[in-house]
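What follows is each chain in one-letter form.
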Amino acid sequence: MSNIREAVMDLERHAAEQGWDRPLGLYALVPTAELLKAEPGLADLLGLDAPADPDELTPVEQEALPDGVTLEDALGSILWPEDVAGCALVMERLVVKGSDETLAAGEDPVAEGKQTEEIRMVAGVMRDGARHCAMRMRSHDSEDEVLSGPDLIPALTSALALTLDLDEADG
């Protein structure tokens, strides 16, 4: 089984170091050993001395998604090549407290009378069906308060699984 949990938690820590109000980030997850075999010069950049653990994953950040395209439409147009073992997404959203509703772009929570919470979500999915998610609330912005688990954000992991051409009925 892959190290999807470690890859997601590493991405969450990396996003936390960058701070809030960051754009969405999309990542290909590739086995580190295969990446170093294809690009040996990366070992120095990644600070690796020994051969990588065969289950270790390296996130490779992708270009920004096109402006004016919804996340659903953008993910619906992606199909990763076979050498990509998995994918991950880092995004921030305003959610209505006490629900799973997110606010639409430009929607004013005050005008709508809604109390919101800003959250950062990190979700990752592997071709073998493994998945993991992490969520950090801006109001509880510390590493020891990050929520995580394989089923934390099922709609997002299901959408990511489709980009890997995984049949969600089987996964």
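Preceding this section is the structure that the text describes.
This one's a predicted model, so the numbers in the text were calculated from it and none came from an experiment.

How should the overall build of the chain be read in this particular structure?
Assigned secondary structure in the chain consists of six helices and six strands. Ordering the α and β elements of the chain from the N terminus gives α-β-α-α-β-α-β-α-β-β-β-α. Against the globule reference of 16 Å for 171 residues, the chain gives a C-alpha radius of gyration of 17 Å, in line with a compact fold. Viewed in the frame of its principal axes, the chain has a C-alpha envelope of about 55 × 35 × 30 Å. Burial statistics for the chain: of 171 residues in total, 40% are counted as buried. Long-range contacts, defined as pairs at least 24 residues apart, comprise 66% of the intrachain contacts of the chain with a sequence gap of at least 6. When the accessible surface of the chain is split by element, carbon and sulfur atoms take 50% of a total near 9,900 Å².

Is there a simple way to explain the sheet that holds strand β6 (residues 147-149) in this structure?
Across a sheet, strands are paired by hydrogen bonds formed along the backbone, either parallel or antiparallel in direction. Spatial strand order, β2-β1-β3-β4-β5-β6: six strands in an open sheet with antiparallel pairing. If you trace the sheet from one side to the other, it starts and ends with β2 (57-61) and β6, each paired once. Each neighbouring strand pair of the sheet contributes to a mean axis angle of 20°, computed without reference to strand direction. Looking at chain direction, strand β1 (residues 25-31) and β2 are connected through five bridges and run antiparallel.

Looking at this model, I keep getting lost on the environment of L162. Mind explaining?
Checked against the element boundaries, L162 lands in helix α6 (residues 154-163). Measuring from C-alpha to C-alpha, the distance between L162 and D44 comes to 34 Å, with 118 residues separating the pair along the chain.

How should unusual backbone geometry be read in this particular structure?
Unlike most non-glycine residues, D21 shows phi in positive territory, near 65°. Position of D21 relative to the elements: it lies in the loop between α1 (4-18) and β1. With a relative accessible area of 56%, D21 lands in the exposed category.

So what exactly am I meant to see when it comes to the layout of surface pockets here?
Where empty space is left becomes clear once a probe the size of a water molecule has been rolled over the atoms. Its boundaries defined by the atoms lining it, the largest pocket holds a volume of some 1,100 Å³. L71, E72, M91, R93 and T102 are the residues nearest the centre of the largest pocket, which is lined by 37 residues in total. Secondary-structure elements contributing two or more residues to the lining of the largest pocket are α4 (71-76), β3 (86-96), β4 (116-126) and α6.

Looking at this structure, I do not really get the pattern of salt bridges. What am I missing?
Any two side chains of opposite charge can pair if their charged atoms end up close together. Per the stated rule, a full pass over the model turns up eight salt bridges. The partner of R120 in a salt bridge is E12, and the shortest N-O contact between them spans 3.6 Å. Separated by 108 residues along the polypeptide, R120 in strand β4 and E12 in helix α1 bring together distant segments of the chain. On the basis of relative accessible area, R120 is assigned to the buried category, the value being 1%. Across the pair E92 and R120 runs a salt bridge whose closest N-O atoms are separated by 4.0 Å. Of this pair, E92 sits in strand β3 while R120 sits in strand β4, and the two are 28 residues apart along the sequence. Linked by salt bridges that have partners in common, E12, E92, R120, R136 and D141 make up one network.

Looking at this structure, how should I read the nonpolar core?
Across soluble globular proteins, nonpolar side chains show a tendency to be buried alongside one another. The biggest cluster of nonpolar side chains holds 23 residues, and the ones touching the most others in it are W80, L89, L156 and L160. Breaking this core down by element, the ones donating at least two residues are β1, α4, β3, β4, β5 (131-137) and α6. Dropping the residues within four chain positions of it, W80 is found in contact with L26, Y27, A28, Q62, C87, R127, T163 and L164. I4, L29, V90 and V122 belong to the second-largest nonpolar core, a separate cluster that totals 17 residues.

The rules we used
- Residues numbered from 1 in each chain as written.
- Predicted model: local features only at pLDDT ≥ 70, side-chain atom pairs only at ≥ 80, totals over all residues.
- Heavy atoms only, no water.
- Helix = DSSP H or I, 4+ residues; strand = E, 2+ residues; numbered from the N terminus.
- Rg over C-alpha atoms; globule rule 2.2 N^0.38 Å.
- Buried < 20%, exposed > 50% of the residue type's maximum accessible area, 1.4 Å probe, protein only.
- Contact = heavy atoms within 4.5 Å.
- Areas by Shrake-Rupley, 256 points an atom, 1.4 Å probe, with all protein chains shown as cover.
- Pairing = 2+ DSSP bridges.
- Axes fitted to C-alpha atoms, helices over the stretch in contact; angles between N-to-C directions.
- 1 Å grid on protein atoms, 1.4 Å probe; cavity = no way out; pocket = protein on both sides within 12 Å on 5 of 7 lines; lining within 4 Å.
- Points joined across faces, edges and corners; volume = space filled by probe spheres on them.
- Salt bridge = Lys/Arg side-chain N within 4 Å of Asp/Glu carboxyl O.
- Core = buried A, V, L, I, M, F, W, Y, C linked by side-chain atoms within 4.5 Å.

Note that every value here comes from positions in space, so none of it alone points to a role or purpose.
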